[in-house]
Amino acid sequence: NAGVMQNPRHLVRRRGQEARLRCSPMKGHSHVYWYRQLPEEGLKFMVYLQKENIIDESGMPKERFSAEFPKEGPSILRIQQVVRGDSAAYFCASSPTGGLNTGELFFGEGSRLTVL
Amino acid sequence: GESVGLHLPTLSVQEGDNSIINCAYSNSASDYFIWYKQESGKGPQFIIDIRSNMDKRQGQRVTVLLNKTVKHLSLQIAATQPGDSAVYFCAENIDFNKFYFGSGTKLNVKP
């Protein structure tokens with residue numbers, strides 16, 4: 001059973017370009033979370049999605065950032081018109097159930113975005 | 001050795017010693033906590049969790065202690081090994097669907 005798969009692992013973009021980060025949750029998991037991590041900092045919640053629904057996007061910037069989790073295919077975190085401050089590691093996590101009281105939150109290896 | 005705080009301090013211990021990593025959480029309403037281990041260049045891995053109706057929970061070589069009075073959480077690692085070297089995060093679950101992570105403590109195990 002493969003774990004959470006994220007790609008690309010590393011992405012370099014110039015200012016103003018678009019970045020698309022993909023996350024395939026573990027098999028059987030229908031809940032996906034995106035977190036952002038700056039160097040030497042903890043993870044910051046961005047968005048929580050279920051299939052075809054955004055449940056909580058309170059941690060995601062209102063502009064330039066969007067996320068989706070379609071019925072078929074991976075979840076995608078999209079950053080438009082990237083700026084240098086978007087450089088970070090973006091982690092996806094999945095869970096078989098909503099409400100994280102079970103502790104069953106499995107993280108991918110992350111996508112590291114560098115904006116030149 | 002011990003470390004305190006959420007600003008990525010570094011704890012250096014000798015192989016075989018016990019390690020204690022501390023965490024002060026922010027919200028008295030938090031009812032569920034998890035310790036994660038993150039190795040360089042990798043995603044966080046679940047270590048152990050504890051609910052607010054408990055004050056201690058043990059796993060394999062790890063123990064988590066929860067003191068709700070002072071909003072303090074600690075992770076104890078027995079007989080620390082080089083493979084334990086990583087950054088350790090505590091995370092508190094306040095809302096139904098998200099965790100708040102501390103900044104982490106870097107554990108450096110010297111052989």
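Preceding block: the structure.
Parameters at a glance
Residues numbered from 1 in each chain as written. Chains lettered and ligands numbered in written order. Predicted model: local features only at pLDDT ≥ 70, side-chain atom pairs only at ≥ 80, totals over all residues. Heavy atoms only, no water. Helix = DSSP H or I, 4+ residues; strand = E, 2+ residues; numbered from the N terminus. Rg over C-alpha atoms; globule rule 2.2 N^0.38 Å. Buried < 20%, exposed > 50% of the residue type's maximum accessible area, 1.4 Å probe, protein only. Contact = heavy atoms within 4.5 Å. Areas by Shrake-Rupley, 256 points an atom, 1.4 Å probe, with all protein chains shown as cover. Lys, Arg positive; Asp, Glu negative; His and termini not counted. Charge placed at Lys NZ, Arg CZ, Asp CG, Glu CD. Pairing = 2+ DSSP bridges. Axes fitted to C-alpha atoms, helices over the stretch in contact; angles between N-to-C directions.

Novice: Explanation requested: the overall build of chain B in the structure shown.
Specialist: Per the secondary structure count, chain B includes 0 helices and 11 strands. Sequence-ordered secondary structure for chain B, helices as α and strands as β, is β-β-β-β-β-β-β-β-β-β-β. Relative to its length of 111 residues, chain B is compact, with a C-alpha radius of gyration of 13 Å against a globular reference of 13 Å. Structurally, chain B occupies a C-alpha span of about 40 × 25 × 25 Å along its principal axes. For chain B, buried positions account for 44% of its 111 residues. The long-range fraction of contacts in chain B, counting pairs at least 24 apart against all pairs at least 6 apart in sequence, stands at 50%. A total of about 5300 Å² of accessible surface is found on chain B, and carbon and sulfur atoms cover 47% of it. Computing the positive centroid from 11 side-chain charges and the negative centroid from 10, chain B places the two 2 Å apart.

Novice: Whenever I open this one, the sheet that holds strand β8 (residues 75-79) of chain A confuses me. Can you help?
Specialist: In a beta sheet, neighbouring strands pair by backbone hydrogen bonds and run either parallel or antiparallel. Residue and element names in this part refer to chain A. The strand order across the open sheet built from 4 strands is β1-β3-β8-β7, with neighbouring strands paired in antiparallel fashion. Of all strands in the sheet, those bounded by a partner on one side alone are β1 (5-7) and β7 (65-68). Along the sheet, successive strands turn relative to each other by an average axial angle of 15 degrees, direction set aside. Where β7 meets β8, 4 bridges bridge the pair, whose relative direction is antiparallel. Looking at β8, one finds that serine 66 is bridged to arginine 78.

Novice: Hey, could you run me through the environment of Phe89(B) in this one?
Specialist: Mapped onto the elements of the fold, Phe89(B) is located in strand β9 (residues 86-95). Distance from Phe89(B) to Gly59(B), taken between C-alpha atoms, is 17 Å for residues 30 residues apart in sequence. If we skip the residues at most four places from it in the chain, Phe89(B) touches Gln37(A), Glu41(A), Gly42(A), Leu43(A), Ile34(B), Trp35(B), Tyr36(B), Gln38(B), Phe101(B), Gly102(B), Ser103(B) and Gly104(B).

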